[in-house]
Amino acid sequence: MLLRATDPAWIQVALAKFDDVLIDHAHCEKKAAAHALSMLSSFPEVPGLARAMARLAREEAGHLTQVLAILEKRGLSIGRDLGDPYAQGLLKNLRNPREQRMLDQLLVSALIEARSRERLELIATHIEDAELRLFYARLAASEAGHALLFVRLAKKVAPDEWQSRLDALAAAEARLIAELPIRAAVH
Ligand SMILES: [Fe+2]
Ligand SMILES: [Fe+2]
């Protein structure tokens, strides 16, 4: 799904300032849970979407709880959300008529999940702490499942258009990831 791999410099920055990554990660999980519920509110008519989003919100809230526990153990707290230029950049690609917006939101969500999976997997394979390796490997697998879920829903709402729109949005995502400065953050 992703057209461009993460710059290898990112994992070095992420490991050097891992506390910052953890705090950002907590915010990502919080936003993922909130986003699932907002998708449920926006598009309740899509067959299967409401229940899938309710389940997703619970799962993301579970991830959030786990990341918060790790923060606490390190004496850190979540603090204020400083915003995510990656997600903001991606949202600029959403079209406006409702039907198109629904498809775009599903596909952008799939891409964010896929990018999260890639980055969490990088952490899982590079971090030294054995517990964190396991934790991040588990989370990466879970985010991979979420990417597939959003693609499945996109296929359902736009059987003819989803693939060409995914190609276009994936190209936009790849450009964005190349443009944005590397940060000690998930994205
Ligand atoms: Fe998650
Ligand atoms: Fe997710």
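Please read these numbers as outputs of a predicted model, since none were measured by experiment.

1. As for the environment of Leu3
With respect to the helices, strands and loops of the structure, Leu3 is situated in the segment before helix H1 (9–16). In sequence terms Leu3 and Ala147 are 144 residues apart; their C-alpha atoms lie 15 Å from each other. Other than its neighbours up to four places away in sequence, Leu3 contacts Asp167, Ala170, Ala171 and Ala174.

2. A look at the nonpolar core
Leu49, Met53, Leu106 and Leu153 are the most contacted members of the largest nonpolar core, which has 31 residues in total. Those elements that place two or more of their residues in this core are helix H2 (18–42), helix H3 (49–73), helix H4 (85–91), helix H5 (98–126), helix H6 (130–157) and helix H7 (162–179). Of the residues forming this core, the biggest block, seven residues, is contributed by H5. For Leu49, the residues in contact, after removing those within four places along its chain, are Met39, Leu40, Phe43, Leu106 and Leu153. Within the second largest apolar cluster, 21 residues are counted, among which are Ala26, Val67, Ile123 and Leu139.

3. Things to note about a positive patch on the surface
On the surface, a cluster of positive charge is contributed by Arg51, Arg55, Arg58, Arg152, Lys155 and Lys156. Breaking the positive patch down by element, the ones donating at least two residues are H3 and H6. Positionally, Lys155 belongs in helix H6.

4. Section: the coordination of the iron ion (ligand 2)
Surrounding the iron ion (ligand 2) are the protein donor atoms Glu60 (OE), Glu113 (OE), Glu113 (OE), Glu143 (OE) and His146 (ND1), which sit 1.9 to 2.6 Å from the metal. All donors of the iron ion (ligand 2) come from a single chain, and their spacing in sequence reads E-x52-E-x29-E-x2-H. Residue classification places His146 among the buried residues on the basis of a relative accessible area of 5%.

5. Let's talk about the coordination of the iron ion (ligand 1)
Taken together, the protein donors to the iron ion (ligand 1) comprise Glu29 (OE), Glu60 (OE), His63 (ND1) and Glu143 (OE), at separations of 2.0 to 2.2 Å. What the four donor atoms of the iron ion (ligand 1) show is an angle range of 92 to 136° at the metal, which sorts the shape as irregular. When the donors of the iron ion (ligand 1) are listed by position in the chain, the intervening gaps give E-x30-E-x2-H-x79-E. Taken as an interatomic distance, the gap from the iron ion (ligand 1) to the iron ion (ligand 2) is 3.6 Å; Glu60 donates to each of them. Taken together, the residues Glu29 in helix H2 and His63 in helix H3 connect sequence positions 34 residues apart. In terms of burial, Glu29 and His63 fall into one category: buried.

Rules used throughout
Residues numbered from 1 in each chain as written. Chains lettered and ligands numbered in written order. Predicted model: local features only at pLDDT ≥ 70, side-chain atom pairs only at ≥ 80, totals over all residues. Heavy atoms only, no water. Helix = DSSP H or I, 4+ residues; strand = E, 2+ residues; numbered from the N terminus. Contact = heavy atoms within 4.5 Å. Core = buried A, V, L, I, M, F, W, Y, C linked by side-chain atoms within 4.5 Å. Buried < 20%, exposed > 50% of the residue type's maximum accessible area, 1.4 Å probe, protein only. Patch = residues over 30% accessible without salt bridge, like charges linked within 9 Å, V, L, I, M, F, W, Y side chains within 5 Å. Areas by Shrake-Rupley, 256 points an atom, 1.4 Å probe, with all protein chains shown as cover. Salt bridge = Lys/Arg side-chain N within 4 Å of Asp/Glu carboxyl O. Lys, Arg positive; Asp, Glu negative; His and termini not counted. Charge placed at Lys NZ, Arg CZ, Asp CG, Glu CD. Donors = N, O, S within 2.8 Å, 3.2 Å for Na, K, Ca; no water. Tetrahedral: all angles 85-135°; square planar, octahedral: opposite > 155°, others 65-115°.

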